[in-house]
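# Observations on the three-dimensional arrangement
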Amino acid sequence: MPNHHMPQGSLSLLVLRVLEGGPLHGYAIAQRIRQLSGEVLEAEEGSLYPALQRMLLEGWVTAAWGVSETNRRVRFYTLTRDGQKQVKREIEQYEQVNAAIRSILYA
Amino acid sequence: MDQELADEMSAHREMMTEDRLAAFGSTLRLREDSQAAWGWMWLERLWQDLNYGRRSIARDPGFALIAVLSLAVGIGANCAVFSLADTLLLRPLPVPHPSDVVTLGSRDLTATTSATAGYNILPASYPDYRDIRDRTTNFYGVVAYSFIRTGLAPRLDAQMRLRTGMQVSGNFLDVLEVKPELGRSFRPDEDQVPGRDAVVILSHDLWEQEFGADRSVVGREVRMSGIAFTVIGVLPERFTSIDQWVRPAFYVPLMMGPRLGQAADVLEGRDRRFFTVKGRLKAGVPISRARMELAALAASLQKAYAATNKNQTMEVRTELDARIKTVPANAELVVMLTVLAAAVLLVACANVAGLLTSRAPARAREMALRVAIGAGRTRLIRQLITESLLLAVAGGIVGIGVGYAGVLLFRQITYPSDLPLMITFDMNERALLFSLGIALLSVSLFGLVPAIRTSRADLTTALKAGAGPATGFRGFFGARLWGRSALVSGQVAVSLVLLTTTMFLYLGIRASLAAGPGFRINHLLLMNFDPSVAHYSAAQEHEFYKRLVERSRSLPGVKSAALASFVPMTVDIDAFSIVPEGNRLPRGITSVNVMANRVDENYFETAGIPLVRGRAFLKTDAEKTQRVAVINEALASHYWPGQDAIGKRFSIVGAGAGEWVEIAGIAKTTKYLSTLEPPADFVYLPYRQNPPACCMTLMVESAGEPAALTAPLREVVRGLDPNLPVYDVRTMEDFYRARAVQVYQIIIQAVASMGLMGMGLALAGLYGLMAYAVSTRTREIGIRMAIGANRGEVLRMVLRQGLVLAVSGMAAGLVLSTGVVRLLRSTFPGDSPLGAYLAVTPAVLAITMLAAYLPARRAARVDPMTALRYE
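Quick caveat: nothing in here was measured; it's all calculated off a predicted structure.

### What to know about the overall build of chain A
- The helix and strand inventory of chain A stands at 4 helices and 3 strands.
- Listed by position from the N terminus, the elements making up chain A come as α-β-α-α-β-β-α.
- In terms of overall dimensions, chain A has C-alpha extents of about 55 × 35 × 20 Å along its principal axes.
- Counting the 107 residues in chain A, one finds 27% classified as buried.
- Taking as baseline every contact in chain A between residues at least 6 positions apart, the subset at least 24 positions apart corresponds to 51%.

### Digging into the nonpolar core
Residue and element names in this part refer to chain B.
- Judged by nonpolar contacts, the single largest core of 171 residues is most densely connected at V344, V352, A629, V683 and L766.
- The contacts of V683, once residues within four sequence positions are left out, are F576, I578, V594, A596, A629, I631 and L635.
- Core analysis: the second largest hydrophobic core is formed by 56 residues, V142, M255, A298 and V316 among them.

### Quick notes on helix α3 (residues 45-58) of chain A
Residues and elements named next belong to chain A.
- Compared with the 20 Å implied by 1.5 Å per residue over 14 residues, the 20 Å span of α3 between its first and last C-alpha is a close match.
- Turning to α3, its buried residues are E45, L48, Y49, L52 and M55. Angularly, the buried residues of α3 cover 120° about the axis, an arc narrow enough to put them on a single face. Facing away from the buried side of α3 by more than 90 degrees, the exposed set consists of R54 and L57.
- Positive phi shows up at G59, right after α3, with a value of about 85°.

### Details of the interface of chain A and chain B
- In this complex, chain A contributes 11 residues to the contact, which on the side of chain B involves 12 residues.
- Listed by contribution, the elements that provide at least two residues to the side of chain A that touches chain B are α2 (26-36), α3 and β3 (73-79) of chain A.
- Top element by residues in the side of chain A that touches chain B is α3(A). It accounts for 4 residues.
- In terms of residue class, the side of chain A that touches chain B is made up of 4 nonpolar, 3 polar and 4 charged.

### Observations regarding the sheet that holds strand β1 (residues 24-25) of chain A
Residues and elements named next belong to chain A.
- The strand order across the open sheet built from 3 strands is β1-β3-β2, with neighbouring strands paired in antiparallel fashion. Sheet topology places β1 and β2 (61-67) at the edges, where each strand pairs with a single neighbour.
- Against the sheet, helix α1 (residues 10-19) touches β1, β2 and β3, its axis set at about 90° to β3.

### Examining the confidence of the model for chain B
Residue and element names in this part refer to chain B.
- For chain B, the average pLDDT comes to 83, and 90% of its residues sit at 70 or higher.
- Element-level mean pLDDT values for chain B span from 48 in helix α2 (residues 18-24) up to 95 in strand β7 (residues 199-202).
- Every residue in residues 465-479 scores below 50 in pLDDT, and together they form 20 contacts with partners more than four places removed in sequence or on other chains.

### Here's the deal with the pairing of strand β22 (residues 696-702) of chain B
Residue and element names in this part refer to chain B.
- Within β22, 7 of the 7 residues are buried, leaving the element largely enclosed by the surrounding structure.
- Burial along β22 is two-sided: M696, L698, V700 and S702 and T697, M699 and E701, pointing in opposite directions, are all buried.
- Strand direction decides the pairing type here: strand β13 (residues 524-529) and β22, joined by 6 bridges, are antiparallel. Directly across from L524, in β22, lies its bridge partner E701.
- Sheet topology note: the strand β14 (residues 558-564)/β22 ladder contains 6 bridges and is antiparallel. Within β22, the position partnered with A562 by the bridge is M699.

### A short note on unusual backbone geometry
Residue and element names in this part refer to chain B.
- A positive phi angle, close to 55°, is found at H523, a residue other than glycine.
- Mapped onto the elements of the fold, H523 is located in the loop between α17 (482-515) and β13.
- A tally of 20 C-beta atoms within 10 Å means that H523 is categorised as buried.

### Remarks on the packing of helix α18 (residues 538-553) of chain B against helix α21 (residues 710-720) of chain B
Residue and element names in this part refer to chain B.
- Interhelical geometry of α18 versus α21 gives an angle of 145° and a closest axis separation of 10 Å. The two elements α18 and α21 cross, and the hand of that crossing is right-handed. Counting all contacts with α18, which are made through F544, R547, L548, R551 and S552, the residues of α21 involved are L713, V716 and L720.
- Grouping the constituent residues of the contact of α18 with α21 by class yields 5 nonpolar, 1 polar and 2 charged.

### Notes on the packing of α1(A) against helix α4 (residues 81-105) of chain A
All names here are of chain A.
- Contact geometry for α1 and α4: axes closest at 9 Å, N-to-C directions at 130°. With respect to each other, α1 and α4 are oriented oblique. Handedness of the α1/α4 crossing: left-handed. Contact residues: α1 offers S12, L13, L16 and R17, while α4 offers G83, Q86, V87, E90 and Y94.
- Of the residues assigned to the contact of α1 with α4, the class counts are 4 nonpolar, 3 polar and 2 charged.

Definitions and limits used
Residues numbered from 1 in each chain as written. Chains lettered and ligands numbered in written order. Predicted model: local features only at pLDDT ≥ 70, side-chain atom pairs only at ≥ 80, totals over all residues. Helix = DSSP H or I, 4+ residues; strand = E, 2+ residues; numbered from the N terminus. Buried ≥ 20, exposed ≤ 12 C-beta atoms within 10 Å, placed from the backbone. Contact = placed C-beta atoms within 7 Å. Core = buried A, V, L, I, M, F, W, Y, C linked by C-beta atoms within 7 Å. Expected span 1.5 Å × (residues − 1). Arc of directions from axis to C-beta. Nonpolar A, V, L, I, M, F, W, Y, C, P; charged D, E, K, R; others polar. Pairing = 2+ DSSP bridges. Axes fitted to C-alpha atoms, helices over the stretch in contact; angles between N-to-C directions. pLDDT = per-residue confidence, 0-100. Left-handed = near helix turned anticlockwise from the far one by under 90°. Parallel < 35°, antiparallel > 145°, perpendicular 65-115°, else oblique.

Listed below in structure tokens is the structure:
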């Protein structure tokens, strides 16, 4: 069972990253994050949807209603051009911060 | 958005397996989180605050009782005054969107109105009305109406009864948006041809009284003034009247007026300004635009019809404006009582603020404790304000009871008449809402400052202060008490103003009632006639009146009998615009509007009005002789000051213009409209030279009980014309009591109760402050006594401090009073306010000293040993 929470601020990066592979609905996003992290990271519903709302407002993703593989009405989120740029920016930032943390931890 | 999110999440949840469901929790809570739905928290916190507040108030029931009673008195006084204001001025017209309905009409720019020469209404002539209706664009519609009195019988063969109704323009109901309950409104063509369409719409009242609420009444014929009218509709109950006071029994088209006894030329003469005109503004049209349009129309009418419309401007008034201008005395009364009630409320709020302040030290510790365990300051202020709100709402509820007592008092105001009047004082939902508003206002007056001060309490000082209130060697004006001292002084000041005002009014009213109105009150019977109902010709009318007076006088028990078009103290005033000979009017003014009475030769004797100079009218002052008048002393001194006005002349604007009227006599100035009016100009004219437009009153002076003459006099009238209805039969004594005496007694009672309430509240405030101060100074007093002060000295010391408060308050109060009394003297009688000051000041001083004495005596009885062990 996954029991690790997201490091702060990383959720949007992960969501954007997952969406680079193509449009997904919310539940699928959560599942992908879980799968790709080897069931270590869990995108909780309570933070996933507010984060998606924010991204919609920022214009990084667009949303369209569709039908899921299990025949439910869901919203599919698609990465925009702005979103693609944002992924790059956030990865860069993440690398910088990660390097900084590492240099402290293993100094 | 909200819904989409909810759908999306429920889809998410459905997609999850059973075991994951528990981990994710409820959709609802998550939705709340993602929308920051903690907006509901305030309700929960309010509930908490209310609970704390209730407990905190219940802990100190004495405080709560005094606070609630103080507020109840303050709010109740305002509630009562509001219901008076509502009846006299504010109540909206009983039509949809009443605020769009405005009053239009003409005003003579060059006519001045002598003081209290009656009512400043905006009348309009029918031709002017037609122009307003057809040539304006800012109104959805414009209507005209006037009252009409006629005999009405529910069936063609039944006995007629005198009824007051309205003749209205055909669009009346449509423009006012009143839909008949039964039948239909007037059709446009029913208002086109004079005398053609004999149709009538019944008021709800008449339909119930005369027709037993029979729903088949539409289409039936009724007899009015001898003519068959077809009932076409019945109005709904809620449409009582477009007039503020009189409920019409029926409505007929204006074009039928001439057939119901109205003069035929009323519909044609541009100078026959007898109609009230109201218009409904189109949606969104500001009244200023309508005013400009009417002014422009008036200007073009001035050019087109110089003979009749010269100097006539046209005005637009809101309903409130029109009501204020119609009877300014009502507005003055309302303003005066509102100011008094506001003063009472201020004193009440000062009381509660004082009480809250003396609770502040104790509360400060509680607050400090709560701050210490992490409460925010805004939260504490909110808590304190919630408590104040609780007090105010409780005060408001009790206050409504106090207000109702006031309403019961005002309900005694009556106007004895056969007219279906609606002078209704009640506690309607508007009064309740107003009281609630006042309660909330009072919170901001008494609750806010103490709340902020208490919550600002310094944490450490408050917690260290220990069990008792902080004591120190401070007088009343020490840092902590000066605010409360100022409040108490202010209370004494305001209540002194209240009491001097009351006393001033009381003395003034008592003096004018004692002086009498200047005419006979006892042994006088009044009886009204409206010969237009009987369709008399001018000659027949004269003959009828002549015989009526002759036969009345020959009745046993009758000393004299007279005719008059106006009875003092009634509201049916008669007025003329006159132009005194020679250039006696101010620049730009060409005529003066003066109240008038058309009387016969016996009037002055019967009414008991003495002539100062010259002669009364004679039988020979008739149509073909020199026109004469009797004026009162006030008018004589205004336009012929320092001269003998006998033989001087004036002309009358309008009827018989150009002819001089010679002054034959000067009568003593009496009261005309109210006991309290200042001396007003007045002119008497012989009725034979100036036939009245409508009705005359027979005045009979009796040797014995006047009411006993009612039956024989009715017999006389029946002998002359069995079809002529008699109305408003009353003795002058009854009428005068109801109109002149009772109204003022009620005003005095209202004013006096406010004065006493204010004084009572101020005394409670003073006593409370003194008692509190003494209790905080017990230790100091003990020390003083231990080192040799005797009881007398302590008593004097405390009394002195009370005296400083009382005297400074009274000084401020006297200064304020002179201002208030000066304002009052412009509307109310009273020679010198000195009497009022002399009566009130010592009394207030004595009572305030008593309020200070009781705590002072307690201070003097302090046992030094106990006092030193205190705490």
